[in-house]
Amino acid sequence: MQSTPFVRILRDLVRNNARQYGMVIALAVIVVLFQILTGGLLLRPLNITNVIMQNSYVLILAVGMMLVIITGHIDLSVGSVVAFTGAASTVLMTSWGLPPVVVVPLALAMGGLIGAWQGFWIAYVRIPAFIVTLAGMLIFRGATLIVLGGRSIGPLPQSVRTWASGFIPGFTDGPHLLTLLLGAAGSVALVWIQWRVRARDLHHGLPALSARMTAVKAVATVAVVMLFAYALADHNGIPIVGLLLLALIVGYAFLMKSTTAGRRIYAVGGSEKAARLSGVKTQRTTFWVFVNMGVLSALAGLVFAARLNAATPGAGEMFELDAIAAAFIGGASASGGVGTVIGAVVGALVMGVMNNGMSIIGLGVDWQQAIKGLVLLAAVAFDIYNKKRVGSARPGGGTAAPTGPGDPSPPDGAQQDREKEDGTAARTPSPPR
């Protein structure tokens, strides 16, 4: 019995976009699973708000870590930088009496300087990022203990605590109207982006979804966003830190898929030599990626300290592993050149929902760590399997697999160079000159 055209289209869509939508589907399955296991507690408005607040710092770090991994590097120091910038900011506000409006820019500048320090050694001196950031992890963990004197310091001013625990104001009784309006605006923006990407792909002769499948995708997007917005509106509305996360996600997603700087980051990760020969200033690109990681680490340090209402010597421990896991679960490739900001967010949400769900059902920390490790291993194994499958399916070249939920693939030249380095396109003969 032959399949109908719609079934064939749907099957090919799933098969050809497994890497793009695999983690989105996995996130949906995990949410449904824990919704059942927790007796409906997982998706209650209060718990959804808690998930956002509890994982805000991981989401911030995951965005920056995704850019670092796309360039083919790694950053092991982010947890220590979170602790150090949070500690220094707390001391400036509590002991020195500086106002938050002065301390926040200073903290972000401090994070940028730390990123510049590490980026210099990595980009210009050519010391491997693993070694430089491992040294940074030790340096800034020690600096945190020195600044705090081995003790916790707090509390922070109320205006600072509001960043991590406050909500945007509402103006009516009942569901939070402003949250619903923001959800509607976000839905319109996402649908517009989907149709714009389709039009651009058709204009350049690239494979694109049919108008019918794009419409189905748009309807599903609107439904998910509005349900999420209604869940938040039914509690206290969107948290202030949630609004900050939304701005970061939209801004960095736009940077990576619609600007020259984003294309250069993908090119450097795909093949640094090819990017350099194409005129990309690879050292400068790598340097600024680590500066950006330092600034985001400082921002995460401020948010985490505000949530705890104190700076502690143990702050930031294992944060780097959470951020790295979120990036790889979200579709990043260990060889560089592949990954998206939206994918990093999905990966962080997978980790966050699993942490929250396992805590609700009373699973011990030992089992939680083991399960998260298995999920990370499975995600990387899926990435390797998918690369081999796509490579064997198109021995003479062709369209690269999508790199993550909602974003286009990196530049074709970078993708082809990476495939040659991986051996998937090594048998393709060069065209005659």
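In case you missed it, the structure is sitting above this.
Residues numbered from 1 in each chain as written. Predicted model: local features only at pLDDT ≥ 70, side-chain atom pairs only at ≥ 80, totals over all residues. Heavy atoms only, no water.

**Quick word on the overall build of the protein**
For step 1, the next point in the chain: Regarding its fold elements, the protein presents 18 helices and zero strands.
For step 2, the next point in the chain: The buried share among the 433 residues of the protein stands at 47%.
For step 3, the next point in the chain: Sequence separation of 24 or more characterises 79% of the internal contacts of the protein that already satisfy a separation of 6 or more.
For step 4, the next point in the chain: Total accessible area on the protein stands at roughly 20800 Å², and carbon and sulfur atoms take up 69% of it. (Helix = DSSP H or I, 4+ residues; strand = E, 2+ residues; numbered from the N terminus. Buried < 20%, exposed > 50% of the residue type's maximum accessible area, 1.4 Å probe, protein only. Contact = heavy atoms within 4.5 Å. Areas by Shrake-Rupley, 256 points an atom, 1.4 Å probe, with all protein chains shown as cover.)

**Section: the pattern of salt bridges**
For step 1, the next point in the chain: Tallied over the full model, the rule gives one salt bridge.
For step 2, the next point in the chain: Between Arg 126 and Glu 272 there is a salt bridge, and its shortest N-O distance comes to 3.1 Å. On the criterion of sequence distance, the pair formed by Arg 126 in the loop between α6 (100-123) and α7 (129-148) and Glu 272 in helix α13 (residues 272-277) is long-range, its members being 146 residues apart.
For step 3, the next point in the chain: We classify Arg 126 as partly exposed; its relative accessible area is 48%.
For step 4, the next point in the chain: The class for Glu 272 is partly exposed, based on a relative accessible area of 21%. (Salt bridge = Lys/Arg side-chain N within 4 Å of Asp/Glu carboxyl O.)

**So, the layout of surface pockets**
For step 1, the next point in the chain: Estimates place the volume of the second largest pocket at around 480 Å³.
For step 2, the next point in the chain: Lining the second largest pocket are 21 residues, and of these Asp 322, Met 351, Asn 355, Gln 369 and Lys 372 sit closest to its centre.
For step 3, the next point in the chain: Counted by class, the lining of the second largest pocket contains nine nonpolar, nine polar and three charged residues. (1 Å grid on protein atoms, 1.4 Å probe; cavity = no way out; pocket = protein on both sides within 12 Å on 5 of 7 lines; lining within 4 Å. Points joined across faces, edges and corners; volume = space filled by probe spheres on them. Nonpolar A, V, L, I, M, F, W, Y, C, P; charged D, E, K, R; others polar.)

**Things to note about the nonpolar core**
For step 1, the next point in the chain: Ranked by internal contacts, the top residues of the largest apolar core, which has 57 residues, are Ile 60, Leu 61, Met 65 and Leu 296.
For step 2, the next point in the chain: Here this core takes 13 residues from helix α4 (residues 56-70), the largest share from any one element.
For step 3, the next point in the chain: When sequence neighbours within four positions are dropped, the list of residues in contact with Ile 60 reads Leu 245, Leu 248, Leu 296, Leu 299, Ala 300 and Val 303. (Core = buried A, V, L, I, M, F, W, Y, C linked by side-chain atoms within 4.5 Å.)

**Here's the deal with the environment of Asn 50**
For step 1, the next point in the chain: Following the sequence through the fold, Asn 50 ends up in helix α3 (residues 45-54).
For step 2, the next point in the chain: With a relative accessible area of 25%, Asn 50 lands in the partly exposed category.
For step 3, the next point in the chain: It is 9.6 Å that separates the C-alpha atoms of Asn 50 and Pro 239, two residues lying 189 residues apart in sequence.

**A closer look at helix α9 (residues 177-203)**
For step 1, the next point in the chain: Look at α9: 39 Å from first C-alpha to last across 27 residues, which is about the 39 Å you get at 1.5 Å a residue.
For step 2, the next point in the chain: For α9, the full list of buried residues reads Thr 179, Gly 183, Ser 187, Val 191, Gln 194, Val 197, Arg 198 and Asp 201.
For step 3, the next point in the chain: Looking at the packing, one finds that the buried side of α9 touches α10 (211-233).
For step 4, the next point in the chain: In the segment just after α9, Gly 205 is the residue with positive phi, at about 75 degrees. (Expected span 1.5 Å × (residues − 1).)

**Structural notes on unusual backbone geometry**
For step 1, the next point in the chain: Residue Asn 309 is not a glycine yet carries a positive backbone phi of 65 degrees.
For step 2, the next point in the chain: Secondary-structure assignment places Asn 309 in the loop between α14 (282-308) and α15 (319-329).
For step 3, the next point in the chain: Take Asn 309: its relative accessible area is 23%, and that puts it in the partly exposed class.
For step 4, the next point in the chain: The backbone of Met 318 shows a phi angle near 70 degrees, a positive value even though the residue is not glycine.

**Digging into a nonpolar patch on the surface**
For step 1, the next point in the chain: On the surface, a cluster of nonpolar side chains totalling about 390 Å² of accessible area is made up of Leu 33, Leu 37, Leu 41, Ile 360 and Ile 361.
For step 2, the next point in the chain: Position of Leu 37 among the secondary structure elements: in helix α2 (residues 18-37). (Patch = residues over 30% accessible without salt bridge, like charges linked within 9 Å, V, L, I, M, F, W, Y side chains within 5 Å.)

**Some points on empty space enclosed by the protein**
For step 1, the next point in the chain: With the rule as written, the count across this model stands at three cavities of 30 Å³ or more.
For step 2, the next point in the chain: Broken down by secondary-structure element, the contributors of at least two residues to the lining of the second largest cavity are α5 (78-94) and α14.

**Notes on the packing of α9 against α10**
For step 1, the next point in the chain: At a minimum axis separation of 9 Å, α9 and α10 run at an interaxial angle of 160 degrees. Put simply, α9 runs roughly antiparallel to α10. Our pair here, α9 against α10, has a crossing hand that is right-handed.
For step 2, the next point in the chain: Tallied by class, the residues present in the contact of α9 with α10 amount to 15 nonpolar, six polar and two charged. (Axes fitted to C-alpha atoms, helices over the stretch in contact; angles between N-to-C directions. Parallel < 35°, antiparallel > 145°, perpendicular 65-115°, else oblique. Left-handed = near helix turned anticlockwise from the far one by under 90°.)

**What to know about the side chain of Thr 133**
For step 1, the next point in the chain: Here Thr 133 is to be found in helix α7.
For step 2, the next point in the chain: Here Ala 129 takes part through its backbone oxygen, which lies 2.6 Å from a polar atom of the side chain of Thr 133. (Polar contact = N/O pair within 3.5 Å; in protein donor to acceptor, adjacent residues only side chain to side chain.)

**Here we look at the packing of helix α8 (residues 158-165) against α14**
For step 1, the next point in the chain: It is at 8 Å that the axes of α8 and α14 come closest, and there the two elements cross at 100 degrees. The angle between α8 and α14 places the two elements in the roughly perpendicular class. Only Val 303, Ala 306 and Arg 307 of α14 make contact with α8, whose side of the interface consists of Val 160, Arg 161 and Ala 164.
For step 2, the next point in the chain: Of the residues in the contact of α8 with α14, the class split is four nonpolar, no polar and two charged.

**Focus: a positive patch on the surface**
For step 1, the next point in the chain: Residues Arg 263, Arg 264, Lys 281 and Arg 284 make up a contiguous surface patch of positive charge.
For step 2, the next point in the chain: You can see Arg 264 is positioned in helix α12 (residues 260-270). (Lys, Arg positive; Asp, Glu negative; His and termini not counted. Charge placed at Lys NZ, Arg CZ, Asp CG, Glu CD.)

**Focus on the packing of aromatic side chains**
The way to describe two aromatic rings as a pair is by their centre distance and the angle between their planes.
For step 1, the next point in the chain: On inspection of all chains with the given rule, the structure shows nine aromatic pairs.
For step 2, the next point in the chain: With 5.8 Å between their ring centres and 45 degrees between their planes, Phe 84 and Phe 140 make a pair best called tilted. Of this pair, Phe 84 sits in helix α5 while Phe 140 sits in helix α7, and the two are 56 residues apart along the sequence. Residues Phe 84 and Phe 140 agree in their burial class; the two are buried. (Phe/Tyr/Trp six-rings, centres within 6.5 Å; stacked < 30°, edge-to-face > 60°.)

**Details of the environment of Arg 276**
For step 1, the next point in the chain: Structurally, the position occupied by Arg 276 is in helix α13.
For step 2, the next point in the chain: Since its relative accessible area comes to 45%, Arg 276 is described here as partly exposed.
For step 3, the next point in the chain: On a C-alpha basis, the gap between Arg 276 and Arg 264 in space is 9.9 Å, while along the polypeptide they are 12 residues apart.

These results come straight from atomic positions and should not be treated as a statement about function.
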